[in-house]
Amino acid sequence: MEQQMNTPILKNTIAEIFANGKGILAMDESTPTCKKRFEAAGIPQTSEMYRQYRELLVTTSGLNESIGGAILFDETIRQQTDAGEPMAKALMKAGIIPGIKVDMGAKPLPEFPTELVTEGLDGLRERLAEYKTMGARFAKWRAVITIGEGIPTDACIKANVHALARYAGLCQEADIVPIVEPEVLMDGNHSMQQCYNVTEKVLKALFSELYQFKIDLEGIILKPNMVVAGKGCLIQNSVDEVAEATVNCLRSAVPASVPAIAFLSGGQSPKVAAEHLNTINKNFKNRLPWIVAFSFARAIQQPALDAWKGEQSNVKEAQEILSSRAKLAAAARRGEYSSSMEE
């Protein structure tokens, strides 16, 4: 018996997430990532502090004006607010669709010492069924591609896009929208042109694989990196140059049938991520066949985390900062952001 995916359900979820100029809040940091961020902010690294922080995020009033979907981590979807409400339910009550990160992280690729492959396909069908009962309507899987001496190799690209395609198929079988995230990292001293070449190659390999695995492209969200020079590169391009390179790269490699692209911020500062997204939407609106939005983590959360500092007395201030950063990202999605709004 062939399992038929239900395209209208997938399309509805995508339309709801991005309705009225909204985007996605990625609050699915794994425990090691959370530990690192909390340590840097001087906050105790305990499961309870992670819970308190995630409650701060999901109970921010008015967040649904800018955020249509929020990606949760496995630990978070199993936690409750102080009021005893599951986190996913608190989001739904606020008019935000819950999603779930389902990959198990990037691990070293055997025989390719500097490259990574994302794991987590084993048992994924069963996990998706469970997450669905908890309210998740979309999922996320992140592949990590590094630019360096002689890398990425074809083997690394192939291993990662293959995993992304199999993950996407399992999601669609469960009527869960897959966010397909092939991240070409900003780490390194490569030029913007090198980032362009690698990103284009990865995306073309990805869509070839998705096609082979019969993935319904109208039922996915693509979460790519922007085309930027590596952090260690001496030449950092202008906002206009990044926007143009990113649009050209996506137009070259991403089919028009994909409904939505939601960029990752990838370590850009909140302001720079907003400027890039804004310029893409403002300068190229009529050349974009897709919704072009955001699925930011640090670029929305970091200022709020810095303000919270793990103190109950700072919750309100942190929530106001979070809400305002989300509004700025949504303005950038509409091409209406300006740096004067940062005041």
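Residues numbered from 1 in each chain as written. Predicted model: local features only at pLDDT ≥ 70, side-chain atom pairs only at ≥ 80, totals over all residues. Heavy atoms only, no water.

> Would you mind going over the overall build of the protein chain in detail, with residue names and values included?
Secondary structure summary: the protein chain contains 12 helices and 10 strands in total. In summary, the protein chain has a C-alpha radius of gyration of 19 Å against a globular reference of 20 Å for 343 residues, a match within 12%. If you line up the protein chain on its principal axes, its C-alpha atoms span 55 × 50 × 40 Å. Once local pairs closer than 6 in sequence are excluded, the contacts in the protein chain between residues at least 24 apart make up 78%. Entry remark: accessible area of the protein chain is about 14,500 Å², with carbon and sulfur atoms responsible for 51%. Distance between charge centres in the protein chain, computed from 37 positive and 41 negative side chains, equals 3 Å. (Helix = DSSP H or I, 4+ residues; strand = E, 2+ residues; numbered from the N terminus. Rg over C-alpha atoms; globule rule 2.2 N^0.38 Å. Contact = heavy atoms within 4.5 Å. Areas by Shrake-Rupley, 256 points an atom, 1.4 Å probe, with all protein chains shown as cover. Lys, Arg positive; Asp, Glu negative; His and termini not counted. Charge placed at Lys NZ, Arg CZ, Asp CG, Glu CD.)

> So what's going on with the side chain of glutamate 181? Which residues, and what values?
Checked against the element boundaries, glutamate 181 lands in strand S7 (residues 177-184). Judged by relative accessible area, which is 2%, glutamate 181 ranks as buried. Those residues within four positions of glutamate 181 in sequence are excluded, and the remaining contacts are Lys140, Trp141, Arg142, Ala143, Leu164, Lys223 and Leu264. (Buried < 20%, exposed > 50% of the residue type's maximum accessible area, 1.4 Å probe, protein only.)

> For unusual backbone geometry, give the residues involved together with the corresponding values.
For residues other than glycine, phi is negative in most cases, and the peptide bonds are mostly trans. For the bond from isoleucine 151 to proline 152, the omega torsion is 10 degrees, close enough to zero to count as cis. Position of proline 152 among the secondary structure elements: in the loop between strand S6 (138-145) and helix H7 (154-173). You will see that asparagine 20, though not glycine, has its phi angle at about 55 degrees, which is positive. Position of asparagine 20 relative to the elements: it lies in the loop between helix H1 (7-17) and strand S1 (23-26). Relative accessible area serves as the criterion here: at 66%, asparagine 20 is assigned to the exposed category. Even without being glycine, glutamate 111 reaches a positive phi, approximately 75 degrees. Since its relative accessible area comes to 76%, glutamate 111 is described here as exposed.

> Can you break down the sheet that holds strand S2 (residues 67-72) residue by residue, with the values?
Here eight strands make up a closed barrel; going around it, the order is S1-S2-S3-S6-S7-S8-S9-S10 and the pairing parallel. Alignment of S6 against S7, held across eight bridges, turns out to be parallel. Considered in S7, the bridge of isoleucine 145 is made with valine 184. Sheet strands touched by helix H10 (residues 270-284): strand S9 (260-263) and strand S10 (291-296). Its angle to S10, the strand with the most contacts, is close to 170 degrees. (Pairing = 2+ DSSP bridges. Axes fitted to C-alpha atoms, helices over the stretch in contact; angles between N-to-C directions.)

> Please provide a residue-by-residue account of the pairing of S7, values included.
Summarising burial for S7: eight of the eight residues are buried, a large majority. Considered for its hand, the β-α-β crossover made up of S6, H7 and S7 is right-handed. As defined by bridge partners, S7 adjoins strand S8 (residues 221-222) across two bridges and the pair is classed as parallel. The residue of S8 that forms the bridge with isoleucine 179 is isoleucine 221. You can see the chain leave S7, run along helix H8 (residues 192-212) and come back into S8, and the turn it takes is right-handed. (Right-handed = clockwise from strand over helix to strand, strands pointing away.)

> Please give an account of the side chain of threonine 199 that cites residues and values.
With respect to the secondary-structure elements, threonine 199 resides in helix H8. Among all residues touching threonine 199, those that are not within four sequence positions of it are Val184, Asn225 and Cys249.

> Describe the environment of alanine 262, naming the residues involved and giving the relevant values.
If you trace the backbone, alanine 262 turns up in strand S9. Placed 191 residues apart in sequence, alanine 262 and isoleucine 71 show a C-alpha to C-alpha distance of 13 Å. With residues near it in sequence (within four places) discarded, alanine 262 still touches Phe18, Ile221, Leu222, Lys223, Pro224, Ala293, Phe294 and Ser295.

> Lay out H1 in plain terms, naming residues and giving numbers.
Along H1, the positions that sit buried rather than exposed are Leu10, Thr13, Ile14 and Ile17. Taken down its axis, H1 places every buried residue within 95 degrees of arc, on the same side. (Arc of directions from axis to C-beta.)

> Any details on the pairing of strand S3 (residues 97-101)? Residues and values, ideally.
Counting buried positions over the five residues of S3 gives five, a clear majority of the element. The alternating pattern of S3 places Ile97, Gly99 and Lys101 on one face and Pro98 and Ile100 on the opposite face, and all of these are buried. With four bridges connecting them, S2 and S3 associate as parallel partners. Within S3, the position partnered with glycine 69 by the bridge is isoleucine 97. Here S3 pairs with S6 via three bridges, running parallel. Bridge assignment links glycine 99 to a residue of S6, and that residue is phenylalanine 138.

> Go over the pattern of salt bridges, please, and point to the residues and values.
This model, assessed by the stated rule, comprises 27 salt bridges. In this structure, glutamate 75 engages arginine 54 in a salt bridge whose closest nitrogen and oxygen atoms are separated by 3.9 Å. Highlighted residues: glutamate 75 in helix H4 (residues 74-77) and arginine 54 in helix H3 (residues 47-58), separated in sequence by 21 residues. In this structure, glutamate 75 and arginine 54 share a single accessibility class: buried. Between aspartate 154 and lysine 201 there is a salt bridge, with the nearest N and O atoms lying 2.7 Å from each other. Of this pair, aspartate 154 sits in helix H7 while lysine 201 sits in helix H8, and the two are 47 residues apart along the sequence. The structure contains a network of salt bridges with shared partners spanning Asp28, Lys140, Arg142, Glu181, Glu183 and Lys223. (Salt bridge = Lys/Arg side-chain N within 4 Å of Asp/Glu carboxyl O.)

> Residues and numbers for the state of the cysteines, please.
What the rule picks out here adds up to zero disulfides. Between cysteine 195, a cysteine without a disulfide, and cysteine 249, which holds the nearest cysteine sulfur, the sulfur-to-sulfur distance is 7.5 Å. Given a relative accessible area of 2%, cysteine 195 falls into the buried group. (Disulfide = S-S within 2.5 Å.)

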